[in-house]
Amino acid sequence: MVIIQPMEKNAKQFIGAPTFADDTLLRPSSFLHFAKCADGVLCFHALTKELLLLSPAEAALLTETHAAGDAAIRPFAEKHYFVEQAQDETKLADEFYAFLRLFVNRDEYFSAYRIFTTMDCNARCYYCYEMGRPRISMTQETAEKVVRFILRTKKEKKNGISLAWFGGEPLYNAEVINYITRRLSEERVTFASTMVTNGYLMRGENLINAKERWHLRRVQISLDGTEEVYNRSKAYIYKEGNPYRIVMENIDGLLDAGISVSIRLNVSAQNLQNLSLLIDELVARFGGKKGFFIYTHLLFDTDRKKFTGDDDAQLLQAKNMTALEEKLQANRLLGVHMLEDAHKITKCMADSPHAVIILPNGKLGKCEHYSEDHFIGDVENGITDRAQFLEFAASGKTPEMCGGCSFYPICNRLKLCPDEPLVCGKADKFLRQNRIERQMLKAYEKYKKAAK
Ligand code: SF4
Ligand code: SF4
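Remember, predicted model here, so these are calculated numbers, not experimental data.

Calculation criteria
Residues numbered from 1 in each chain as written. Chains lettered and ligands numbered in written order. Predicted model: local features only at pLDDT ≥ 70, side-chain atom pairs only at ≥ 80, totals over all residues. Near = placed C-beta within 6 Å. Nonpolar A, V, L, I, M, F, W, Y, C, P; charged D, E, K, R; others polar. Helix = DSSP H or I, 4+ residues; strand = E, 2+ residues; numbered from the N terminus. Axes fitted to C-alpha atoms, helices over the stretch in contact; angles between N-to-C directions. Parallel < 35°, antiparallel > 145°, perpendicular 65-115°, else oblique. Contact = placed C-beta atoms within 7 Å. Left-handed = near helix turned anticlockwise from the far one by under 90°.

A.B. asks: Explain the site of ligand 2 to me, please; I cannot follow it from the model alone.
C.D. replies: Taken together, the residues surrounding ligand 2 are Lys347, Cys348, Met349, Ala350, Cys367, Glu368, His369, Leu414, Cys417, Pro418 and Asp419. In terms of residue class, the shell around ligand 2 is built from seven nonpolar, one polar and three charged.

See the structure below:
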């Protein structure tokens, strides 16, 4: 057994080193994940965060029931790889997270602001979740109120505060970005920003401002397919020019300016082959350039809220997406998150006490999918609905669905998250399994590199 990533210190303190009578029957913990690698079998404990490299014989031990007196399992039993048959591990994980939450900093400040400059957009994507919503844009008067709100509520971290520009298409109202960043600079606020954009308007003056005034570090751009598919599905309002080529040139411009570009490939049931061709084009054009990454996102064709959990079509889509990810990984372009080595108490800005969304009309929210309701306040009065603020942090996991699930300690489902289906189906589990195995392998590669 080789320890690749040690047990997390809080877990060590909370769980301790359990002792059992020799004749107690122990079963493997339900939180174990395995991944084969060239040197053996990796085993990740989702609750303690420990990652081990095991021989095949050791890995086999961790799949069966043993008596606690069996010397071969003792080093594992001491670290919660084995538990008593009747142990309720879901409860244990809940108690542990309740303990960790006692230490969350709940001081009332914000350090991350996601600002919607407009709900309007220059594209007409068929899958846009803002379709049918009012296309309002932020005025300069509201932008000034936003600046004052930030000045009143901010706490600057080491790198200042972070701003994320969102929409609609945020560059469709670039004046507001110019205004807010100019005013914050005048007030000597340190900030860096990111943006979710279609990239069409990211050139000329916008590109210069992005680098010099907006302190833009990273943009996320969605691509739906190769030239013909992209131009058809985006359906830009402009009659002239070729949007696909324009966006490709703008990506070049961003990378040359030292701004990272993260491409989101929207994977539907129909576009697997076309996205595979697109990856070839992206590899040829941007492969090896610093700051260029690609990740995939599933666009389910069926209504997730009506999803039964046994939908084979969704599982097939998930498998197709994984095939694309493997291709990206082979070309060193896949953005793979690091394996968790500490417990993540928050999932996203919705349950983070220090992140807030500002809508074009100055209303405050917690999740980008709620732009017309579920407000928590506004830029003039701050948070006025604390109950709503707290409801965004409420868990969406249910004991019936999640009991005994190996992902339980690392699955942060939020009650109000519209991205989560009501049930957890085969596709969700498949994707989670795939992701964690990739992260385990990446952590092991990193360990080996450091050991050289
Ligand atoms: S939501 Fe799904 S993956 Fe998460 S703990 Fe529940 S059953 Fe497991
Ligand atoms: S959609 Fe879900 S993951 Fe995204 S911000 Fe909202 S709650 Fe968080």
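Read on, since the account is not over.
A.B. asks: Before we go on, may I ask you to explain the site of ligand 1 in this structure?
C.D. replies: Looking at ligand 1, the residues that line it are Lys397, Met401, Cys402, Cys405, Phe407, Tyr408, Cys411, Arg413, Cys424, Asp428, Lys429 and Arg432. If you list the elements that add at least two residues to the shell around ligand 1, you get α13 (399-402) and α14 (426-451). Considering each element in turn, the shell around ligand 1 owes the most residues, three residues, to α14. Of the residues belonging to the shell around ligand 1, the class tally is seven nonpolar, no polar and five charged.

A.B. asks: Help me understand the packing of helix α10 (residues 272-286) against helix α11 (residues 312-330) in this model?
C.D. replies: When two helices pack together, their arrangement is given by the angle between the helix axes and the distance between those axes. With their axes 10 Å apart at the nearest point, α10 and α11 run at an angle of 10° to one another. What the angle tells us is that α10 and α11 run roughly parallel. The residues of α11 that touch α10, namely those facing Leu272, Leu275, Ser276 and Ile279, are Asn320, Leu324, Lys327 and Leu328. Its residues assigned to classes, the contact of α10 with α11 shows five nonpolar, two polar and one charged.

A.B. asks: Help me understand the packing of α11 against α14 in this model?
C.D. replies: Close contact between α11 and α14 brings their axes to 8 Å; oriented N to C, the two are set at 20°. For the element pair α11 / α14, the angle class is roughly parallel. Relative to α14, α11 is oriented so that their crossing is right-handed. Judged by residue contacts, Gln314, Leu315, Gln317, Ala318, Lys319 and Thr322 of α11 engage Lys426, Ala427, Phe430, Leu431 and Asn434 from α14. When the residues that make up the contact of α11 with α14 are grouped by side-chain class, the tally is five nonpolar, four polar and two charged.

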